[in-house]
Amino acid sequence: VLLSAITLTYNRSSERQLILFKDQALVVGLLNRAKSLAIQKYQNPAITADYVFCAFGIHFGAPREVILFADLGRGSCNPANANYRYDAGVVPPEALETKSLDVRNSFSGLPAGGLDILFIAPELMATSSTDLPVTLTIDSAVGGLSSVVTVSAAGQIITD
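Remember, predicted model here, so these are calculated numbers, not experimental data.

Engineer: Sorry if this is basic, but what is going on with the layout of surface pockets here?
Structural biologist: Over the atoms rolls a probe the size of a water molecule, and its path tells where empty space is left. Within this model, the largest pocket holds a volume of roughly 150 Å³. Surrounding the largest pocket, 14 residues form its lining, Y42, F53, C54, A55 and A121 being those nearest its centre. If you list the elements that add at least two residues to the lining of the largest pocket, you get α1 (2-43), β1 (51-61) and β5 (115-120). Per-class residue counts for the lining of the largest pocket are 13 nonpolar, no polar and 1 charged.

Engineer: Which parts of the structure should I look at to understand the sheet that holds strand β4 (residues 105-108)?
Structural biologist: Sheets are built from strands that pair by backbone hydrogen bonding, the pairs being arranged parallel or antiparallel. Across the sheet, 4 strands lie side by side as β4-β7-β8-β9; this open sheet has antiparallel pairing. The open sheet is flanked by β4 and β9 (157-159), the only strands paired with a single partner. On average, each strand axis in the sheet is inclined to that of its neighbour by 25°, with strand direction left out of account.

Engineer: Sorry if this is basic, but what is going on with the pairing of β1 here?
Structural biologist: Regular strands place their side chains on alternate faces of the sheet. Along β1, 11 of the 11 residues are buried, which leaves the element largely enclosed by surrounding structure. As paired strands, β1 and strand β2 (residues 65-74) are joined by 10 bridges and run antiparallel to one another. The partner of I58 across the bridge, within β2, is L68. Counted between consecutive antiparallel strands, the loop separating β1 from β2 contains 3 residues.

Here is what the cut-offs are and how they apply
- Residues numbered from 1 in each chain as written.
- Predicted model: local features only at pLDDT ≥ 70, side-chain atom pairs only at ≥ 80, totals over all residues.
- Heavy atoms only, no water.
- 1 Å grid on protein atoms, 1.4 Å probe; cavity = no way out; pocket = protein on both sides within 12 Å on 5 of 7 lines; lining within 4 Å.
- Points joined across faces, edges and corners; volume = space filled by probe spheres on them.
- Helix = DSSP H or I, 4+ residues; strand = E, 2+ residues; numbered from the N terminus.
- Nonpolar A, V, L, I, M, F, W, Y, C, P; charged D, E, K, R; others polar.
- Pairing = 2+ DSSP bridges.
- Axes fitted to C-alpha atoms, helices over the stretch in contact; angles between N-to-C directions.
- Buried < 20%, exposed > 50% of the residue type's maximum accessible area, 1.4 Å probe, protein only.

Okay, structure coming up:
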């Protein structure tokens, strides 16, 4: 009975860790995809006759929303035409893909309104709605586990 209890406890702890690491991999994968799209679209920035791709990024919304988006500029990417943040409900839509963390996990410490991290080609400099480097914490509701992803101003993605 004692061995069964230890095995069961260990398996549940391992399951929570796997779920947490799966969500960490989701976040890192989307960040890497945004970087890749920034490089790819730098070569061909036109989306339509009116809009160009200015940057690609990730919007992190509380408690567990993750949106891959393209920041679009009308005609060019100067500050008057592109705002370098995620805008919901605009035409054409900026959201490319929406994901969610597992229901047992959530982001902690996000600012009100969420957090945007964008990559701008050709240097792949990162910019954010908060100061860089940005540290994202994913917390598990069960077991007190957490995982950290950091993005530097140079676009480097670091996991704990």
